[in-house]
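Residue strings, one per chain:
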Amino acid sequence: MKQKWIMASAIIIGLFILAQLFSLGAQDDIKNGNVAVIPVQGTIVATGESGVFQDSVVSSDEVLELIDKATRDPRIKAIVFEINSPGGSAVASDEVGQAIKAIDLPTVAHIREVGASGGYWIASTTDYIVANRMSMTGSIGVIASFLDFSGFIERYNVSYERFVSGEYKDLGTPFRKVTNEERDIFQEKLDMIHDYFIQEVYENRHLSKDDESYELITSGSFFLGVEAYNLGLVDELGGQVQVQEHLAQVLGEEAVFVRFETEKSLFDILSGDVRISLIPQSPLLLQ
Amino acid sequence: MQKKESAKKKKQVQPASVWFRLLSFVIDLFIAVNIIGWPLAKRLSDSLAENFHATTTTALLALLTFFYFVLFERFVGATIGMAITKISISGQNTLSSAFLRNCYLIPFFPLNLLILIEPIALLGWKKRLLERWTDSTYERVVA
């Protein structure tokens, strides 16, 4: 019995010393760098909704938290937003955009594959945009849609009993046809968001609305990186090297990247590659 | 002397129930992570608070937990949690069998998959897969 106690004590002391040694060896966890890289990848939503049956999403909550952490870190002298997003919620894009504008440090957007619509809105709020020449960007427009099931339920002899207090309370219900008046209301809202979007981009990019490219830029069309460069929507064509060179020039020292990311849970990792989109999301999307 | 021996003979053991084993595991995990592994656990919480990747620290903490289980099971016969819940190991208890029995705690692929498989096996067979392979049983003194 006494021998067991001695052995147990020896193991505890030994393991504690090992933990101390491990702790010193784990110093590499704290990465050193002066430029924070914050990924904006996937459909932009307001709150995290990622799951097995959904596309990859990025929530504005998540990005705002990472921005907050990066700006509070005294070692960080600039922030790069690595954008690979087709857009998403107008509100979420605006939230991220406003947060980026409030940053006192130099900011750069690096558009890799896609930085369209809401993704471009976010990019436009940074000081400098670098995009791959074949990337997809622009798409300054607003989309809203829903499926009309009225014909379907009629066919199966199901009727929609409408009880509303307020004429437009069930605007957008998929169980009846949209009236022309309701269509106008929807269009009006979309146009308003579109105007905000255009205003933001033109202000952020210091573009003139009198320019002949106005119609083209605001048409909702997407542009390849090279086209966007010619239209003044991006500042430089290239990738990480160009971002690093630009920041070295701005900071007057070498730019060393450190990624700021949200830790993934085991479930996220396991479900990461099998996400498929089944359900249409928010009706007002910058996509 | 004779009395002692007869008392020993009267000890009745049976395979430890899932609930006792879970309780013992939780106690051990608390001791291994929060007491013995305190320097690493502190580093882990610091790293996460600053939003840095803590993959190395997490892996080291898991390895430390693995060593805790292996060394205690082999050289003491039971971990602290097992001693509290009156669980002991019967059957093969060599260093290699202790190693194999606890290798689900090693945080590297494909061994880390065992952390999902083992509880399922325990619920189904009342014995973990690695216990079957090492021909050992977790028993509990009931009387």
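This text gives an overview of the structure that appears in the document. Worth saying up front: this structure is predicted, and the values here are computed from it rather than measured.

So, how was this worked out
Residues numbered from 1 in each chain as written. Chains lettered and ligands numbered in written order. Predicted model: local features only at pLDDT ≥ 70, side-chain atom pairs only at ≥ 80, totals over all residues. Pairing = 2+ DSSP bridges. Helix = DSSP H or I, 4+ residues; strand = E, 2+ residues; numbered from the N terminus. Axes fitted to C-alpha atoms, helices over the stretch in contact; angles between N-to-C directions. Parallel < 35°, antiparallel > 145°, perpendicular 65-115°, else oblique. Contact = placed C-beta atoms within 7 Å. Nonpolar A, V, L, I, M, F, W, Y, C, P; charged D, E, K, R; others polar. Buried ≥ 20, exposed ≤ 12 C-beta atoms within 10 Å, placed from the backbone. Right-handed = clockwise from strand over helix to strand, strands pointing away.

## Some remarks on the sheet that holds strand S2 (residues 87–91) of chain B
Residue and element names in this part refer to chain B.
Then step 1. As summarised here, the arrangement of the three strands in space is S1-S3-S2, forming an open sheet in which the pairing is antiparallel. Strand pairing shows two members of the sheet lacking a second neighbour, strand S1 (13–15) and S2, which therefore form its edges. On average, each strand axis in the sheet is inclined to that of its neighbour by 45°, with strand direction left out of account.
Then step 2. Where S1 lies against strand S3 (residues 136–141), three bridges are found, and the strand directions are antiparallel.

## Some details on the packing of helix H2 (residues 60–72) of chain A against helix H3 (residues 90–101) of chain A
All names here are of chain A.
Then step 1. For the pair H2 and H3, interaxial distance at closest approach is 9 Å and the crossing angle is 10°. The orientation of H2 relative to H3 falls into the category roughly parallel. Residues Ser60, Val63, Leu64 and Ile67 of H2 form the contact with H3, whose own contacting residues are Ala92, Glu95, Val96 and Ala99.
Then step 2. Class assignment for the residues of the contact of H2 with H3 results in six nonpolar, one polar and one charged.

## Focus: the pairing of strand S7 (residues 128–131) of chain A
All names here are of chain A.
Then step 1. Here S7 shows no split at all, with Tyr128 and Val130 on one side and Ile129 and Ala131 on the other all buried.
Then step 2. Considered for its hand, the β-α-β crossover made up of strand S6 (residues 107–116), helix H4 (residues 118–124) and S7 is right-handed.
Then step 3. As paired strands, S7 and strand S10 (residues 236–237) are joined by two bridges and run parallel to one another. Paired with valine 130 across the bridge in S10 is glutamate 236.

## Overview of unusual backbone geometry
Most of the time, phi is negative for any residue but glycine, and the peptide bond is trans.
Then step 1. The peptide bond linking phenylalanine 109 of chain B to proline 110 of chain B adopts the cis configuration, its omega dihedral lying at 0°.
Then step 2. Structurally, proline 110 of chain B can be placed in the loop between helix H6 (95–101) and helix H7 (114–125).
Then step 3. With a phi angle near 50°, serine 117 of chain A is a residue other than glycine that sits in the positive phi range.
Then step 4. Tracing the chain through its elements places serine 117 of chain A in the loop between S6 and H4.
Then step 5. A tally of 29 C-beta atoms within 10 Å means that serine 117 of chain A is categorised as buried.
Then step 6. Look at serine 139 of chain A: it is not a glycine, yet its phi comes out positive at around 55°.

## Notes on the environment of serine 24 of chain B
All names here are of chain B.
Then step 1. In this fold, serine 24 is placed in helix H2 (residues 18–36).
Then step 2. A count of 23 C-beta atoms within 10 Å places serine 24 in the buried class.
Then step 3. Separated by 56 residues in the primary sequence, serine 24 and isoleucine 80 place their C-alpha atoms 8.0 Å from one another.
Then step 4. Those residues in contact with serine 24 that sit more than four places away from it in its chain are Gly81, Met82, Thr85 and Ile87.

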